[in-house]
There are 2 protein chains.
Amino acid sequence: MNAADAPRPRMTRQRREILDALDLSEFRSAQAWHERLRSEGSTIGLATVYRALQSLAESGEVDAVVAESGETLYRRCEAGEEHHHHLRCRVCGKAVEIDVPDFEAFAAAIGREHGYGDILHTIELTGVCPECAARAGA
Amino acid sequence: MNAADAPRPRMTRQRREILDALDLSEFRSAQAWHERLRSEGSTIGLATVYRALQSLAESGEVDAVVAESGETLYRRCEAGEEHHHHLRCRVCGKAVEIDVPDFEAFAAAIGREHGYGDILHTIELTGVCPECAARAGA
DNA sequence: CGCCTTATCGACAATGATTATCAATTGCAG
DNA sequence: CTGCAATTGATAATCATTGTCGATAAGGCG
């Protein structure tokens, strides 16, 4: 838990490109981000995209969620923002950031109750957004 | 959402073996269950274990959680029990079943608020159990 | 009780996401 | 500017999981 043990990575062209692309706030797989970058003329390699996204996820600069298919999806999250959660559409993937006010406290309480410490939690909420529901309802 | 559209599977030797092994209430990967069965003399195939665990997970007879490594872990859950959650130790894997009283309602409310329907949720709580904490604290 | 249809098996190949390898490149400290 | 270690990218390797397909056996029927 030491912020100093993470040497800031070099600011390479590739890393800049990725940070840049991430401005499209939308969940995509590493491979999808790679494709997009390529299609925009970048010559960045797939492995580099994986490495960058992972390190960004660790440092908290991007959100990573695991899709049902097992692939990991990444999206930029607000700079310096705290831990938060999303409600994602199962059909189109659109995500809304939500607020789970007392969950942190709740999680800690549950942990204490069972003697567990250092509690982490992941909440995945998925549903069907209005548009997709309308389309499917036809 | 029709319980009748799931034809009950044939009760084969293999399926019985799996159901049997699952009595050890502990999260293990499909591969780990397979190994255990083999080590006990079974000749069951890996693909069969995967298939059985998946169908059991769908019918709600076992719990499936996705580990950080990406592999899926399975464990038997109480017969006919409702949707529930676990607090799992990140170190030794031991899991406690927990109660998240109003979360269902909360999830539905969040969904409604954003116009999303058919909400599903996954909650993953992980921590460090007392034993592991003691061991690590040394 | 045997037969037959068909679900299920199991060995193995195939897939698909992610990770490791390693020589070439390039930030960036001095 | 120089040099070295961090980073890159093409590619091979991993690893969990799924597909394939001939062989086997569950279980309904006569």
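To keep things clear, this report deals only with the structure shown in the data block. Keep in mind the model is a prediction, meaning the values are calculated, not measured. (Residues numbered from 1 in each chain as written. Chains lettered and ligands numbered in written order. Predicted model: local features only at pLDDT ≥ 70, side-chain atom pairs only at ≥ 80, totals over all residues. Heavy atoms only, no water.)

1. Some points on the relation of the copies chain B and chain A
Next up, step 1: Overlaying chain B on chain A yields an RMSD of 0.2 Å, the required transformation being a rotation through 179° with an accompanying axial translation of 0.0 Å. Such a combination of rotation and displacement between the chain copies is what one expects of a two-fold axis. When each C-alpha of chain B is compared by its distance to the rotation axis, Ile123 of chain B comes out closest, at 2.2 Å.
Next up, step 2: When the interface residues of chain B are mapped onto chain A, 100% of them again lie at the interface, so the same face is used by both copies. (Least-squares fit on C-alpha atoms with pLDDT ≥ 70 in both. Contact = heavy atoms within 4.5 Å.)

2. Some words on the environment of Ile44 of chain B
Residue and element names in this part refer to chain B.
Next up, step 1: Along the polypeptide, Ile44 turns up in the loop between helix H2 (30-39) and helix H3 (46-58).
Next up, step 2: Taking C-alpha positions, Ile44 is 6.2 Å from Gln14, a pair spaced 30 residues apart along the chain.
Next up, step 3: Sequence-distant contacts of Ile44, that is, excluding residues within four places in its chain, are made with Gln14, Glu17, Ile18, His34, Leu37, Arg38 and Val49. (Helix = DSSP H or I, 4+ residues; strand = E, 2+ residues; numbered from the N terminus.)

3. A look at the packing of aromatic side chains
Next up, step 1: By the definition in use, this model includes zero aromatic pairs over all chains.
Next up, step 2: In this structure, Arg28 of chain A is placed above the aromatic ring of Trp33 of chain A, and the distance from its NZ or CZ to the ring centre is 5.2 Å. (Phe/Tyr/Trp six-rings, centres within 6.5 Å; stacked < 30°, edge-to-face > 60°. Lys NZ or Arg CZ within 6 Å of the ring centre and 35° of its normal.)

4. As for the interface of chain B and chain A
Next up, step 1: Each side of the interface is counted separately: chain B has 32 residues, and chain A has 32 residues.
Next up, step 2: The contact between chain B and chain A buries some 2500 Å² in all, and 67% of this surface belongs to carbon and sulfur atoms.
Next up, step 3: Per-residue buried area on chain B facing chain A is highest for Leu87, Tyr116 and Leu125 of chain B; these three make up 23% of the total on that side.
Next up, step 4: On the surface where chain B and chain A come into contact, there are zero salt bridges.
Next up, step 5: Linking chain B to chain A there are two residue pairs in polar contact (both at pLDDT 80 or more).
Next up, step 6: Counting only elements with at least two residues in the side of chain B that touches chain A, the list comes to strand S4 (85-89), strand S5 (95-98), helix H4 (103-114) and strand S6 (117-128) of chain B.
Next up, step 7: If one sorts the elements of the side of chain B that touches chain A by residue count, S6 of chain B sits on top with twelve residues.
Next up, step 8: For the side of chain B that touches chain A, the per-class residue count stands at 18 nonpolar, eight polar and six charged. (Buried area = accessible area lost by both parts, 1.4 Å probe. Salt bridge = Lys/Arg side-chain N within 4 Å of Asp/Glu carboxyl O. Polar contact = N/O pair within 3.5 Å; in protein donor to acceptor, adjacent residues only side chain to side chain. Nonpolar A, V, L, I, M, F, W, Y, C, P; charged D, E, K, R; others polar.)

5. Description of the environment of Ala32 of chain A
Next up, step 1: Counting through the fold element by element, Ala32 of chain A comes out in helix H2 (residues 30-39).
Next up, step 2: The spatial distance from the C-alpha of Ala32 of chain A to the C-alpha of Tyr74 of chain A is 9.7 Å, given a sequence separation of 42 residues.

6. What to know about the protein's contact with DNA strand C
Next up, step 1: In the vicinity of DNA strand C there are 21 residues, among which Tyr50, Gln54 and Thr72 of chain A together with Gln14 and Arg51 of chain B approach most closely.
Next up, step 2: The protein-proximal atoms of DNA strand C, defined as those within 4 Å of the protein, are 66% sugar or phosphate.
Next up, step 3: With respect to DNA strand C, the side chain of Gln31 of chain A contributes an N or O atom lying 3.1 Å from a sugar or linking oxygen.
Next up, step 4: Note that a sugar or linking oxygen of DNA strand C is positioned 2.6 Å from one of the side-chain N or O atoms of Gln14 of chain B.
Next up, step 5: Among the elements of the structure, helix H3 (46-58) of chain A together with helix H1 (13-21) and H3 of chain B are those that each provide at least two residues to the surface near DNA strand C.
Next up, step 6: It is H3 of chain A that provides the largest number of residues to the surface near DNA strand C, a total of four residues.
Next up, step 7: Considering only residue class, the surface near DNA strand C consists of six nonpolar, eight polar and seven charged. (Near = heavy atom within 4 Å.)

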